[in-house]
Amino acid sequence: MNKLTLKTEGDTHVIVTRHFDAPPEAVFRAHTDPKIVQQWVLGPEGWTMPVCINEAKPGGKIRYEWKHPKQGGFHLTGEYIELVPYSKIVHVERMFLPDPTPDNHVETRFEPDGAGTKMTMRMTLPDAKTRAAMLATGMEKGMEASYVRLESMIGNLMPSAASH
């Protein structure tokens with residue numbers, strides 16, 4: 001089982017690691033292709049993402065809007081800072097719950113790990129209070145629900161010989 005691990009570091013960092021049974025190219029693509037993101041970044045059952053803007057280039061915009069039939073909705077905005085194909089994504093994001101949260105600086109690395117990929121996401125928040133509030137949202141459970149969804153579909157994202 002490839003469950004995520006979440007740990008904190010200092011007062012402002014959250015580090016999430018998870019293994020995927022797919023090569024870095026597929027896991028990177030799943031994080032940058034809006035058509036794919038919209039299918040798996042949904043958190044617990046019942047949520048949908050009717051709006052998914054993901055301009056995967058330096059300076060590119062990010063906007064995800066989630067809806068739930070009973071729990072309403074919320075959204076996230078952000079910008080890409082750096083993308084190194086198949087190995088690193090750096091972006092800034094803020095949640096609107098409905099008020100905007102302080103910026104979360106996120107660096108995600110994708111490293112070959114056996115036959116799969118080790119993903120390491122390092123989030124840097126402005127202070128301990130902001131980090132505590134973020135962790136209190138149930139973020140870890142929602143992230144793992146999304147990653148389980150991704151794991152079930154990632155085989156379809158593998159580059160095939162026919163596409164070359």
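Reading the values: rules and limits
Residues numbered from 1 in each chain as written. Predicted model: local features only at pLDDT ≥ 70, side-chain atom pairs only at ≥ 80, totals over all residues. Heavy atoms only, no water. Helix = DSSP H or I, 4+ residues; strand = E, 2+ residues; numbered from the N terminus. Expected span 1.5 Å × (residues − 1). Buried < 20%, exposed > 50% of the residue type's maximum accessible area, 1.4 Å probe, protein only. Contact = heavy atoms within 4.5 Å. Pairing = 2+ DSSP bridges. Polar contact = N/O pair within 3.5 Å; in protein donor to acceptor, adjacent residues only side chain to side chain.

A. Just helix α4 (residues 139-153), in detail. For α4, with 15 residues, the first-to-last C-alpha span of 21 Å sits near the 21 Å given by 1.5 Å per residue. Of all the residues in α4, the buried ones are M139, G142, M143, E144, S146, Y147, R149, L150 and M153. Taken together, the buried residues of α4 touch β1 (5-9), β2 (13-20), α1 (24-32), α2 (34-40), β8 (116-124) and α3 (128-135).

B. Seen up close, the pairing of strand β4 (residues 61-68). Note: strand β3 (residues 48-54) against β4, five bridges, orientation antiparallel. In the sheet register, T48 faces β4, and the bridge partner there is K67. The sheet contact formed by β4 and strand β5 (residues 72-84) spans eight bridges and is antiparallel. Note on β5: the bridge partner recorded for W66 is F74. Remark: three residues form the turn of the hairpin made by β4 and β5, two consecutive strands paired antiparallel.

C. Structural detail: the side chain of R18. You can see R18 is positioned in strand β2. Its relative accessible area of 4% is what places R18 among the buried residues. At a separation of 2.9 Å, a polar atom in the side chain of R18 contacts the side chain of E151. Beyond its immediate stretch of four places on either side in the chain, R18 contacts N2, K3, L4, T117, K118, M119, E144, Y147, V148 and E151.

None of the figures reported here should be taken as evidence of function without further support.
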